[in-house]
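Chain residues, written in single-letter form:
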Amino acid sequence: MALAKTYLQENEETDARCLETADYRQFKARILRKTGIDLNLYRQQQMHRRLWGLVERAGKKSFMEYYALLEQDPQEYALFLDRLTINVSELFRNPEKWQELRTHILPELLAKGGPLRVWSAGCSYGAEPYSLAILLDQIAPERPHTILATDLDRTILKKAQQGLFTRADVRHVEPHLLQRYFEGTPNAGLPADADACYTLCPRIRKRVTFRAHNLLCDPFEKDFDLICCRNVVIYFTEEAKETLYQRFYNALKPGGYLFVGGSERIFRYREIGFDSPLPFFYRKRGETSNTPLKRT
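Residues numbered from 1 in each chain as written. Predicted model: local features only at pLDDT ≥ 70, side-chain atom pairs only at ≥ 80, totals over all residues. Heavy atoms only, no water.

Asks: Honestly, the pairing of strand β1 (residues 117–121) in this entry has me stumped. Any pointers?
Replies: The side chains of a regular strand alternate between the sheet's two faces. Extensive coverage of β1 is indicated by the burial of 4 of its 5 residues. With 5 bridges joining them, β1 and strand β2 (residues 146–151) adopt parallel strand pairing. Note on β2: the bridge partner recorded for Trp-119 is Leu-148. Regarding topology, helix α7 (residues 127–139) serves as the crossover connection from β1 to the parallel β2, and that connection is right-handed. (Buried < 20%, exposed > 50% of the residue type's maximum accessible area, 1.4 Å probe, protein only. Helix = DSSP H or I, 4+ residues; strand = E, 2+ residues; numbered from the N terminus. Pairing = 2+ DSSP bridges. Right-handed = clockwise from strand over helix to strand, strands pointing away.)

Listed below in structure tokens is the structure:
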């Protein structure tokens, strides 16, 4: 049974209806046909504000004027996709959660034997899947793990394949790992204000397969041991989130884990079929779901 709507949700829906001009509706319909992205599945206040900022920056007076620009200007279209997908990340973001992944979650999954099948959903420029690749190389290097990394933005996926990171990107990488897995190259391929560049070693880059994928409409692969989708769904509507979490559940093996961001707690996880042995880690009930994690 659905939970009652909160006061905040009711007001957001009222405000969203006020934003539904004919101009905006037509823009969303054109974007859906052009890109396959359904803007109605995003939280409307946030999305409208973000996109109107692009309209004003481009000097246009309506969404449809801005759409005409998107059709004519590949650079503006790339900027639109980048703004839409919010490509913000860093290696080992929220390091305390990665420590839990290292000491609790991955040992449980590896105890089943065999290589792991991992999916980084909404991977941005590669920080998350490469963090996973480094972690697995440390604790189980002998197994041929597979790491799939997907994102809506094809431009950011090309960047991800290069494995280039700034000093800010690697601030949570321990010095011995930085030395082992990265080469320092000052300012290579980066903006002028970037103070350093680190290139991930080819051996680790080869362990990640990047692919374009729309979480809201494309089919999901199956039988993953671990799915990481962090700081992505916070921009979606509640209905889109519920559908997405159910699809993640279906894509996991029994006993597999979904790892979400620090602001993306799943409150109705039991109804979906998950356990939550640790905050922000959700385990599909199955062969290992009755095994408590041992804290160290």
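Asks: What's the story with the environment of Gln-162 in this structure? I'm lost.
Replies: Here Gln-162 is to be found in helix α8 (residues 154–162). In contact with Gln-162, not counting residues within four places along its chain, are Thr-199 and Arg-205. (Contact = heavy atoms within 4.5 Å.)

Asks: I would appreciate a short explanation of the nonpolar core in the present structure.
Replies: Buried together is how nonpolar side chains tend to be arranged in soluble globular proteins. Core analysis: the largest hydrophobic core is formed by 47 residues, its most contacted members being Phe-27, Phe-80, Phe-248 and Leu-258. Look past the residues within four positions of Leu-258 in its chain and what remains in contact with it is Ile-227, Tyr-245, Phe-248, Leu-252, Ile-266, Phe-274, Phe-280, Phe-281 and Tyr-282. With 44 residues, the next largest nonpolar core counts Val-118, Ala-127, Leu-136 and Leu-178 among its residues. (Core = buried A, V, L, I, M, F, W, Y, C linked by side-chain atoms within 4.5 Å.)

Asks: Any chance you could explain unusual backbone geometry here in plain terms?
Replies: Negative phi values dominate among residues other than glycine, just as trans dominates among peptide bonds. Unusually for a residue other than glycine, Asn-94 sits at a positive phi of about 60°. In this structure, Asn-94 sits in the loop between α5 (74–85) and α6 (95–110). For Asn-94, a relative accessible area of 27% gives the class partly exposed. Even without being glycine, Asn-231 reaches a positive phi, approximately 60°.

Asks: Explain the packing of helix α2 (residues 22–35) against helix α3 (residues 44–57) to me, please; I cannot follow it from the model alone.
Replies: When two helices pack together, their arrangement is given by the angle between the helix axes and the distance between those axes. Close contact between α2 and α3 brings their axes to 13 Å; oriented N to C, the two are set at 90°. Overall, the two elements α2 and α3 adopt an arrangement that is roughly perpendicular. On α3, the residues that touch Tyr-24, Phe-27 and Lys-28 of α2 are Gln-44, Met-47, His-48 and Leu-51. Grouping the constituent residues of the contact of α2 with α3 by class yields 4 nonpolar, 2 polar and 1 charged. (Axes fitted to C-alpha atoms, helices over the stretch in contact; angles between N-to-C directions. Parallel < 35°, antiparallel > 145°, perpendicular 65-115°, else oblique. Nonpolar A, V, L, I, M, F, W, Y, C, P; charged D, E, K, R; others polar.)

Asks: It is not clear to me how the sheet that holds strand β3 (residues 164–166) should be interpreted in this structure. Could you clarify?
Replies: Through backbone hydrogen bonds, the strands of a sheet pair up, either in parallel or in antiparallel fashion. Spatially, β3-β5-β4 is the arrangement adopted by the 3 strands of the open sheet, whose pairing is antiparallel. If you trace the sheet from one side to the other, it starts and ends with β3 and β4 (182–184), each paired once. When strand polarity is set aside, the average angle formed by the axes of neighbouring strands in this sheet is 30°.

Asks: Before we go on, may I ask you to explain α2 in this structure?
Replies: Between the first and last C-alpha of α2 there are 20 Å, a value that for 14 residues agrees with the 20 Å anticipated at 1.5 Å per step. Within α2, burial applies to Tyr-24, Phe-27, Lys-28 and Ile-31. End-on view of α2: buried residues confined to an arc of 95°, all on one side of the axis. When the buried face of α2 is taken as reference, the exposed residues oriented beyond 90 degrees from it are Ala-22 and Arg-33. (Expected span 1.5 Å × (residues − 1). Arc of directions from axis to C-beta.)

Asks: So what exactly am I meant to see when it comes to the sheet that holds β1 here?
Replies: A sheet is described by the order of its strands in space; here 7 strands give the open sequence β6-β2-β1-β7-β8-β10-β9, paired in mixed fashion. The sheet is open, and its two borders are formed by β6 (208–212) and β9 (274–278), each paired with just one other strand. In this sheet, adjacent strand axes meet at a mean angle of 20° when their direction is disregarded. Here α6 sits on the sheet in contact with β7 (224–229), β8 (252–260), β9 and β10 (281–284), set at roughly 180° to β8.

Asks: Honestly, the pattern of salt bridges in this entry has me stumped. Any pointers?
Replies: When the charged atoms of two side chains lie near each other, side chains of opposite charge can form a pair. For the structure shown, the criterion picks out 15 salt bridges. The closest approach of N and O atoms between Arg-203 and Asp-137, which form a salt bridge, is 2.7 Å. Here Asp-137 lies in helix α7 and Arg-203 lies in helix α10 (residues 202–205), a separation of 66 residues in the sequence. Residue class for Asp-137 comes out buried when judged on its relative accessible area of 2%. Here Glu-238 makes a salt bridge to Lys-241, at a shortest N to O gap of 3.3 Å. You can see Glu-238 and its partner Lys-241 sitting in helix α11 (residues 238–251), 3 residues apart, about one turn around the helix. The partly exposed category is assigned to Glu-238, whose relative accessible area is 35%. Taking the relative accessible area as the measure of exposure, Lys-241 reaches 14% and is therefore buried. (Salt bridge = Lys/Arg side-chain N within 4 Å of Asp/Glu carboxyl O.)

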